[in-house]
Amino acid sequence: MKKSINWQEESRRFDGVAALYDVYRPSYPEKLLEALIAVTGIHPQSEILEIGSGTGKATLMLAQRDFSVHCIEPGRNLVAVATQKLKNFPRVTFEITSFEEWNVAQRRFDLVMSAQAFHWIPREIGYAKAVQALTEQGYLALFWNMYPYPEQPIFLELQQVYQSCVPELSDRPSSCEALIEQREREIRESGLFCSVKTYRFPWSITYSIQEYLGLLNTYSDHLRLSEEKREQLYTGIAEVIQKYGGYIEKPYLAVLYVAQKAA
């Protein structure tokens, strides 16, 4: 049985590294946002709700296109970072609360979106509440950066470091495609949406050793490690990356799901 995720616990963990999260976590490829706008037909007069906005990675991309976004985020530190970053965009507003506790009766939105966050919300709450927040022909858009398993030598050596230092984190990740299909199936099986579409956008980022370790310090499973284990792991990782010239190119697969509220 899959272990249930405590959204509030994970939110506090991310909130504790808000500055690192903003610096090191990737944003999203421009092509993803272009597809989102084209499929949903949203425009600057549309009402958009963002669930779990974090430090505003996706929010900024919309704000720069003059969209109005109301953000729900329970992490006060995350909101503080986002507020500062988006201070010149008055059409972006923030509400410090979890989606579970948010008052859905307040207003209706043309688009409900969530970037890198919707999987933390219990399924029985997430889809039902999202559809309540939508206008009659509104859209749900969910997207994530997923992590294809690369076969390059540097990643195989990093896997050996994990096996040696933290075997509990060394399992080879399951196929991205399996997760992509699972999330699409969940949207369909909710029975609340129609015209479910899935889009894939492969891309990559090159990190220095410091940047890569900073990125790892934003992952919840790494944050749960003891300080001793984490230091040992990071020393091994740094040695491998240094061996390959001091930089590592990490592949991502940005996946966008768009679905319209069922009639």
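Just so it is clear, the structure is predicted and the values come from calculations on it, not from any experiment.

**Side note on the confidence of the model for the protein**
Regions with low pLDDT carry predicted coordinates that are not meant to be interpreted in detail. Confidence in the prediction for the protein averages 93 pLDDT; 94% of positions are at 70 or higher. Taken as a whole, residues 1–5 scores under 50 in pLDDT and shows three contacts with residues more than four places along the chain or in a different chain.

**A short note on the environment of V23**
With respect to the element layout, V23 can be found in helix α2 (residues 18–24). Distance in space between the C-alpha atoms of V23 and E211 is 8.8 Å, their sequence separation being 188 residues.

**What about unusual backbone geometry?**
Of note in this structure, D66 is not a glycine but carries a positive phi near 70°. For D66, the position within the fold is in the loop between α4 (57–63) and β2 (68–72). For D66, a relative accessible area of 45% puts it in the partly exposed group. Positive phi, normally seen in glycine, also occurs at S195, with a value near 50°. Mapping S195 onto the fold places it in strand β6 (residues 193–208).

**Some points on the pairing of strand β7 (residues 247–261)**
Counting buried residues along β7, 12 of its 15 residues qualify, which places the element largely inside the surrounding structure. With eight bridges connecting them, strand β5 (residues 134–146) and β7 associate as antiparallel partners. Counterpart to F143 in the pairing with β7 is L256. Across 14 bridges, β6 lies against β7 in antiparallel orientation.

**Description of the side chain of S46**
Here S46 lies in the loop between α3 (30–40) and β1 (47–51). When its relative accessible area of 4% is taken as the criterion, S46 is described as buried.

**Side note on the environment of P74**
Here P74 lies in the loop between β2 and α5 (76–85). A sequence separation of 28 residues divides P74 from W102, and the C-alpha atoms of the two residues are 9.8 Å apart.

**Concerning the nonpolar core**
Counting 28 residues, the largest nonpolar core has L49 and V112 as its most contacted members. Put simply, the parts of the chain that give this core at least two residues each are β1, β4 (109–115), α6 (123–132), β5, α8 (176–189), β6 and β7. Residue contributions to this core peak at five residues, all from β5. Apart from residues lying up to four places away in sequence, L49 is in contact with H70, I72, F99, W102, F109, L111, V112, M113 and A133. A35, I42, V92 and L111 belong to the second-largest nonpolar core, a separate cluster that totals 27 residues.

Each value, and the rule that gives it
- Residues numbered from 1 in each chain as written.
- Predicted model: local features only at pLDDT ≥ 70, side-chain atom pairs only at ≥ 80, totals over all residues.
- Heavy atoms only, no water.
- pLDDT = per-residue confidence, 0-100.
- Contact = heavy atoms within 4.5 Å.
- Helix = DSSP H or I, 4+ residues; strand = E, 2+ residues; numbered from the N terminus.
- Buried < 20%, exposed > 50% of the residue type's maximum accessible area, 1.4 Å probe, protein only.
- Pairing = 2+ DSSP bridges.
- Core = buried A, V, L, I, M, F, W, Y, C linked by side-chain atoms within 4.5 Å.

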